[in-house]
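Residue-level structure breakdown
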Amino acid sequence: MAAPMRFCRLNFRRTILPLQAFATGGGPFRSLQTCSCACSEEKEAALEGNPFFSKYKKKIDEFRKENPGEYEAFVEEKKDRQKKKLADAAANKEAIKEQMNWIGRTQQFSQNAQQDAEPPGSFSMAGAKKLDSVLKTELIQNKTAEEIGQIWKDYHAQKDALCAVIPKDVYALLHARTNMCPTFLLPMPRQQGYEFFLLQFSGHECHFTPLISFQAHKENAPSCIQMVHYPDLADSKGIVLMKAEVDTKMLTTVEAKFLVDQMTMYYTARSDQRFSIVRNFTLKPTEFDHMVLIQELESIGSAAKEQPKHDK
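Given the structure is predicted, the values throughout are model-derived calculations rather than measurements.

Here we come to the side chain of Thr209. Inspection of the secondary structure assignment puts Thr209 in strand β5 (residues 205-210). Looking at Thr209, the relative accessible area reads 3%, which means it is buried. Contact partners of Thr209, with chain neighbours within four places excluded, come to Phe197, Leu198, Phe214, Ala221, Pro222, Ser223 and Cys224.

Set out below in structure tokens:
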């Protein structure tokens, strides 16, 4: 069994960030309170459907009697906000649908997975960037893998970047699978739905790009995450170093970690279940259902919420 990965700022494991973004937001009525004006039954029913209505009903009734005009205005404003929320969600759904259709029509995503990938357990150094371009390797030759990992962590501590120390066998699996299926989609929860990001592997590097940006600018679309793996120490130390630089004008480092953790989940899971989703995307892009990705994400979020909390 492979040793667990040692991470710096990025936990290279099979769980992803807590899904705070899934919360619908919004608290109970402000200083709410309500009115005795003649509101329509439809408006009243919508208000009573709010989960906090019964808790604040007494204050709402008092406010309704004392300020009927303000109450009416509040109900109208709430109704308009709800309409906008539904309209935005519908627009997001249509945009995603069009993006998926575009992927199916684009030749780049309609080619079969490569069949000549290197077998798991081995990988080529061809095209890899050299570690000595970012680190003085002569100073770490006598260090242990644990010591090198700490140095790598310290080096990236003050940068807008993620980093990881990956066991050689885990990286061999990742590299073999990314050679087979170099392109994939990942969802990011947003206030009114999801935003999709396209990841593209090439050798030991990976670029993440907002799908809508790639759709508009193709290969000229700017990357929001540029990930590089350095396999220089794979044979001598049994580790591969990774760094991922983040364009903080497009993503926070927390959001970047969320995407990288998802990529890890799909490409390095020992079970074939999740990687089969990646294969389906590569082999049958026109038939790929993006809702599978959202369901996977939500199932992980639900599982995380159900786990008991232990006192430290």
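Now for the nonpolar core. Within the largest apolar cluster, 48 residues are counted, with the highest numbers of intra-cluster contacts made by Phe184, Leu199, Phe208, Ile225, Met263, Tyr266 and Tyr267. The element best represented in this core is helix α8 (residues 253-268), accounting for eight residues.

Counting across every chain of the model gives nine aromatic pairs. Ring plane angle 65° and centroid distance 5.1 Å describe the contact between Phe184 and Tyr266, whose orientation is recorded as edge-to-face. With Phe184 in strand β3 (residues 183-190) and Tyr266 in helix α8, the pair connects residues that are 82 residues apart, well separated along the chain. Just as Phe184 is buried, Tyr266 falls in that class too. Centroid distance Phe281 to Phe288: 5.2 Å. Interplanar angle 85°. Geometry classified as edge-to-face. In this structure Phe288 comes out as buried when scored by relative accessible area, which is 13%.

So, on to the environment of Phe208. Among the secondary structure elements, Phe208 is positioned in strand β5. Residues Phe208 and Phe184 lie 24 residues apart in sequence; the distance between their C-alpha atoms is 9.7 Å. Apart from residues lying up to four places away in sequence, Phe208 is in contact with Leu186, Leu198, Leu199, Ser223, Cys224, Ile225, Met227, Leu259, Val260 and Met263.

Two quantities define a packed helix pair, namely the angle between the helix axes and the distance between the axes. The geometry of α8 relative to helix α9 (residues 272-283) is characterised by a closest axis approach of 6 Å and an angle of 100° between their N-to-C directions. By the criterion of interaxial angle, the relationship of α8 to α9 is roughly perpendicular. Residues Met265, Tyr266 and Tyr267 of α8 form the contact with α9, whose own contacting residues are Arg274, Phe275, Ile277 and Val278. In terms of residue class, the contact of α8 with α9 is made up of six nonpolar, no polar and one charged.

Let's shift gears to the pattern of salt bridges. Counted under the stated rule, the structure contains nine salt bridges. Two residues, Arg177 and Asp272, come together in a salt bridge whose shortest N-O distance is 3.6 Å. Pair noted here: Arg177 is in helix α5 (residues 168-180) and Asp272 is in helix α9, with a separation of 95 residues, a long-range link. What emerges from the salt-bridge pattern is a single network uniting Arg177, Asp272 and Arg279.

How each quantity is defined
- Counting from 1, residues in each chain are numbered in the order their sequence is written.
- Residues qualify for local features only when their pLDDT is at least 70, as the model is predicted, and side-chain atom pairs are given and counted only at 80 or more; totals for whole chains, interfaces and linings, by contrast, use all residues.
- Side-chain numbers come from the whole structure's heavy atoms, not from hydrogens or water.
- Numbering goes from the N terminus for both helices and strands, where a helix is a DSSP run of H or I of at least four residues and a strand is a run of E of at least two.
- Throughout this description, buried means an accessible area under 20% of the type-specific maximum (1.4 Å probe, protein chains only), exposed means over 50%, and partly exposed covers the range between.
- Any two residues having at least one pair of non-hydrogen atoms within 4.5 Å are treated as being in contact.
- In these notes, a set of buried Ala, Val, Leu, Ile, Met, Phe, Trp, Tyr and Cys residues joined through side-chain atoms within 4.5 Å is what counts as a nonpolar core.
- Two aromatic rings, drawn from Phe, Tyr or Trp (for Trp, its six-membered ring), form a pair once their centres lie within 6.5 Å of each other, and the interplanar angle then sorts them: stacked below 30 degrees, edge-to-face above 60, tilted otherwise.
- Axes, fitted as lines to C-alpha atoms, cover a helix only where it is in contact. Angles between the N-to-C directions of the axes lie from 0 to 180 degrees.
- Convention used here: angles under 35 degrees read as roughly parallel, angles over 145 as roughly antiparallel, angles from 65 to 115 as roughly perpendicular, and any remaining angle as oblique.
- Polarity classes work like this: nonpolar for Ala, Val, Leu, Ile, Met, Phe, Trp, Tyr, Cys and Pro, charged for Asp, Glu, Lys and Arg, and polar for all others, with Gly in that last group.
- In the sections that follow, a salt bridge refers to a side-chain nitrogen of Lys or Arg positioned within 4 Å of a carboxyl oxygen of Asp or Glu.

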